[in-house]
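Coordinate inspection notes
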Amino acid sequence: MKTTLGYFTLLLLCPGALAAGETLTLSREGKSPYVIVVPQRATPVEQTAARELHEHLLAVTGAALPVVRENDVPQGKPRIVLGDSSLARKLLPDVDPAKLPPDAIVIKTVGPDLALLGHPRRGTLYAVLTLLEETVGVRWWTQTETHIPKRPTLCIPPLDMAYAPKIRDRATRYLQLSDGCFTNHSLVTKDEQRAMGVFSARLRLNGHDLYTIPAEYGGPNGLIGWVHTFYQINGLLPVEKYFDQHPEWYSLIDGERRKQRSQLCLTNEEMRR
């Protein structure tokens, strides 16, 4: 609540009541001096982060912020710096993205610039999505319903955030299709599959459960596989190693013990030992 109230207070005062340097005016009356800067060799996820930021800020403010490589930044332009680049390292010399925890984000204002980066896999994207949600006010309700606030003049307060999720693998069993919600995965079209994956990524979900997060959004973790992976976890009694000598350690399937799609037979005392 404090963050929200603080943001709206700054938003109202932004057009002239605050001293220079206390807030960043990303857009004034639908026009922006800012450019979005990506690394010279931006990864697919960093490119996605830039596109998400560009498209959402355009919808919010009406201003189309150019996306440029770090070697092509116009002189004198204020910058929103995305990803792990030499420019980001200059702005934040104490931050090494490669040493951050999984999915960690860093959001920091540095003078007139704003740096958004994080763990190499998807941290930069998560930093952008966090900014859009917590500071700009965007809300992704479903894969088809999004709240876009209309703010031709958009100011943000000084920001200094470093965060890593407490839960490493995050997923929900959720399907929303064109004709409603259900759980029959086999009926999901490729377009619906992608839409659910993008929506899940925007919610910072990263698990693998009834959707596929596109690779350019960081992909699913696949922490221990799908479901029914008891004997696969960390190589615990894999069939390739134990089945031939101990088929009785594995479950009956239609009256037969099989290597394929089997589970551990928990009633076998030797297997349990």
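Residue indices begin from 1 for each chain and proceed along its sequence in written order. Only residues with pLDDT of 70 or above have their local features reported here, since the model is predicted, and side-chain atom pairs are shown and tallied only from 80 upward, although totals for entire chains, interfaces and linings are computed over all residues. Heavy atoms from the whole structure form the basis of all side-chain values; hydrogens and water molecules are not counted.

Moving on: the overall build of the chain. Where helices and strands are cited, they refer to DSSP runs of H or I of at least four residues and of E of at least two residues respectively, numbered from the N terminus. Across its full length, the chain carries seven helices and twelve strands. We call a residue buried when its accessible area falls under 20% of the maximum for its residue type, exposed when it is over 50%, and partly exposed in between, using a 1.4 Å probe and counting protein chains only. Counting only residues that meet the buried cut, the chain has 45% of its 273 residues in that class. Throughout, a residue-residue contact means that at least one pair of heavy atoms, one from each residue, lies within 4.5 Å. Residue pairs in contact within the chain that sit at least 24 positions apart in sequence constitute 57% of those at least 6 positions apart. Areas reported as accessible are Shrake-Rupley estimates using a 1.4 Å probe. Residue values count occlusion only from the protein chains shown. On the chain, roughly 15,000 Å² of surface is accessible, and the fraction owed to carbon and sulfur atoms is 54%.

Moving on, we get to the nonpolar core. Judged by nonpolar contacts, the single largest core of 38 residues is most densely connected at Leu53, Leu57, Ile80, Leu82, Leu114, Leu116 and Leu132. Per element, the largest residue contribution to this core is eight residues, and it comes from helix H4 (residues 123–136). Throughout this description, the term nonpolar core refers to a set of buried Ala, Val, Leu, Ile, Met, Phe, Trp, Tyr and Cys residues connected via side-chain atoms within 4.5 Å.

A few words now on the packing of aromatic side chains. Only centres within 6.5 Å qualify two rings of Phe, Tyr or Trp (six-membered ring in Trp) as a pair; their planes then separate them into stacked at under 30 degrees, edge-to-face at over 60, and tilted for everything else. Counted by the stated rule, this structure contains two aromatic pairs. With 5.6 Å between their ring centres and 35° between their planes, Tyr242 and Trp249 make a pair best called tilted. Residue classification places Tyr242 among the partly exposed positions, given a relative accessible area of 24%. On the basis of relative accessible area, Trp249 is assigned to the buried category, the value being 8%.

Below, the discussion takes up the sheet that holds strand E4 (residues 79–82). A pair of strands is labelled paired if DSSP reports no fewer than 2 bridges between them. Judged by pairing direction, the sheet is mixed, and its six strands sit side by side in the order E3-E2-E4-E6-E5-E10 without closing on themselves. Only two strands of the sheet have a single neighbouring strand rather than two, namely strand E3 (67–69) and strand E10 (160–163). Direction aside, neighbouring strands of the sheet carry axes that sit 20° apart on average. Direction of pairing for strand E2 (residues 35–38) relative to E3: parallel, over a ladder of three bridges. By the bridge assignment for E3, Val38 is matched with Arg69. Seen against the sheet, H4 touches E4, strand E5 (105–110), strand E6 (113–118) and E10 and runs at an angle of roughly 130° to E6. Between the N-to-C directions of two axes lies an angle of 0 to 180 degrees, each axis being a line fitted to C-alpha atoms and, for a helix, fitted only over the stretch in contact.

We now examine the pairing of E5. Along any regular strand, the residues point their side chains to alternate faces of the sheet. Pairing geometry for E5 and E6, over six bridges, is antiparallel. Paired with Thr109 across the two strands is Leu114, which belongs to E6. Between E5 and E6, which pair antiparallel in sequence order, lie two residues; one of them, Gly111, sits at a positive phi of approximately 60°. Where E5 lies against E10, four bridges are found, and the strand directions are antiparallel. Directly across from Ile107, in E10, lies its bridge partner Met161.

Moving on, we come to the pattern of salt bridges. The rule for a salt bridge is simple: a side-chain nitrogen of Lys or Arg has to be within 4 Å of a carboxyl oxygen of Asp or Glu. All chains considered together, the criterion is met by 13 salt bridges. A salt bridge links Arg79 to Asp113; its shortest N-O distance comes to 2.7 Å. In this pair, Arg79 sits in strand E4 while Asp113 sits in strand E6, placing the two residues 34 residues apart along the sequence. Assessed through its relative accessible area of 22%, Arg79 is described here as partly exposed. You can call Asp113 buried: its relative accessible area is 6%. A salt bridge links Arg170 to Asp103; the shortest N-O distance between them is 3.0 Å. On the criterion of sequence distance, the pair formed by Arg170 in the loop between E10 and helix H5 (190–202) and Asp103 in the loop between helix H3 (86–91) and E5 is long-range, its members being 67 residues apart. Taken individually, Arg170 and Asp103 each receive the classification buried, so the pair is uniform in this respect.

No statement about biological role is implied by the geometric values presented.
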